[in-house]
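Below are the chains, spelled out letter by letter.
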Amino acid sequence: MTRIVYLNGEYVHESEAKVSIFDRGFLMADGVYEVTSVIGGKLIDFNGHAIRLARSMNELMMQPAITKDALLEVHRELIALNDLQEGMIYLQITRGSPNDRDFVFPDPEKVKPTVVLFTQSNPNMVYNPKAKVGMKVISISDERWGRRDIKTVQLLYPSMGKMMAKAEGADDAWMVEDGMVTEGTSNNAYIIKGDVIITRKLSNDILHGITRAAVLRFAGEAKMTVEERNFTIAEAQDADEAFITSASTFVMPVVSVDGVDVGTGIPGPIAARLRAIYLEESLKTAI
Ligand code: PDD
């Protein structure tokens, strides 16, 4: 089945959606993106993703491209047109195509942003078999730029990180800077020691995960203790449990770090509980 995608105000077949070779997303990675999960045909945390998108664009001095209401309408229309039950909506907004290559930002009055959205079906997101066995991660040096809080499409290093992990028979990589874990290549990283959930605090060093915000809120409501602080790979290897969060994996246990078992080497009870709470609570507010 070919998808119907959204491109600059129109719904078209994926094969007909064409973007200029001069688009700044293509030439300069001058664009931002969001990934919003869909369960039972409904959007999880749409509001959070819309707010972060507006912030990312503002930080890059991009003009607002579409109102929040219109964006919600496009998400819903794509879910309906593609009969998406479970999966994701990918959204990308670039600074548009000035019809030539130039480092200087084009005049926003003359060059409109390129807005692209498409669906990605994944029927195994909720009952993901990985949640039962857990993920293996390796550590790699964090070689990304200094504004990781902005969700840009500069994904070459995260992509290389996933390949490094794959080459070592692992599922993903945790990035390390100044001896401390920043985050996963496409997710936020956590360890659990005793009954304390530990994760790096928000700064420009990491993406401000929408799933992270929800999970920490639910953990607080469930009277779990959360410590927002840096941690090392050695601490992760010595932890009782570890996990990651993202819109595409929700809460996913990590059972091995650089070949060393975390805890008993199988998914632990706290991560499993957090995954269950996250899914249950998020579905209540899905739209
Ligand atoms: N990645 N950190 C990084 C570097 C990410 O790329 C992501 C999301 C997260 C988690 O953010 P959220 O909870 O808002 O999804 C943290 C998306 C899913 C992706 O690139 O596919």
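Please refer to the structure higher up on the page.
Conventions used here
Residues numbered from 1 in each chain as written. Predicted model: local features only at pLDDT ≥ 70, side-chain atom pairs only at ≥ 80, totals over all residues. Heavy atoms only, no water. Buried < 20%, exposed > 50% of the residue type's maximum accessible area, 1.4 Å probe, protein only. Helix = DSSP H or I, 4+ residues; strand = E, 2+ residues; numbered from the N terminus. Pairing = 2+ DSSP bridges. Axes fitted to C-alpha atoms, helices over the stretch in contact; angles between N-to-C directions. Parallel < 35°, antiparallel > 145°, perpendicular 65-115°, else oblique. Left-handed = near helix turned anticlockwise from the far one by under 90°. Contact = heavy atoms within 4.5 Å. Nonpolar A, V, L, I, M, F, W, Y, C, P; charged D, E, K, R; others polar. Near = heavy atom within 4 Å. Polar contact = N/O pair within 3.5 Å; in protein donor to acceptor, adjacent residues only side chain to side chain. Areas by Shrake-Rupley, 256 points an atom, 1.4 Å probe, with all protein chains shown as cover.

## Remarks on the pairing of strand β3 (residues 31-39)
Moving on, step 1. With nine of nine residues buried, β3 is to be regarded as a mostly interior element.
Moving on, step 2. Here β3 shows a buried face lined by Gly 31, Tyr 33, Val 35, Ser 37 and Ile 39 and a second buried face lined by Val 32, Glu 34, Thr 36 and Val 38.
Moving on, step 3. Two strands pair when backbone bridges link them, and β3 and strand β4 (residues 42-43) are joined in this way by two bridges, in the antiparallel orientation. Each bridged residue has a counterpart across the sheet, and for Val 38 the counterpart in β4 is Leu 43.

## So, the packing of helix α2 (residues 46-59) against helix α3 (residues 68-81)
Moving on, step 1. Put simply, α2 and α3 touch, their axes get as near as 11 Å, and they point 125 degrees apart. In terms of orientation, α2 lies oblique with respect to α3. Crossing of α2 over α3 shows right-handed handedness. Note on element contacts: α3 touches α2 through Lys 68, Leu 71, Leu 72 and His 75, opposite Phe 46, Asn 47, Ala 50 and Leu 53.

## Brief notes about the packing of helix α6 (residues 210-221) against helix α8 (residues 269-284)
Moving on, step 1. Between α6 and α8, the shortest axis-to-axis distance is 10 Å and the interhelical angle comes to 105 degrees. Judged by the angle between their axes, α6 and α8 are roughly perpendicular. Within the contact between the two elements, α6 uses Thr 211, Ala 214, Val 215, Phe 218 and Ala 219 and α8 uses Leu 274, Ile 277, Tyr 278, Glu 281 and Ser 282.
Moving on, step 2. Among the residues forming the contact of α6 with α8, the class breakdown is seven nonpolar, two polar and one charged.

## A look at the site of the ligand
Moving on, step 1. The immediate surroundings of the ligand are formed by 20 residues, with Tyr 33, Glu 183, Ile 210, Thr 211 and Ala 247 found nearest.
Moving on, step 2. The contact in question runs from a nitrogen atom of the ligand to an N or O atom on the backbone of Ser 186, over 3.2 Å.
Moving on, step 3. Here an oxygen atom of the ligand and a side-chain polar atom of Thr 211 are 2.6 Å apart.
Moving on, step 4. In isolation the ligand offers 470 Å² of accessible surface; the protein chains occlude 90% of this area.

All quantities given are derived from atomic positions and should not be read as evidence of function.
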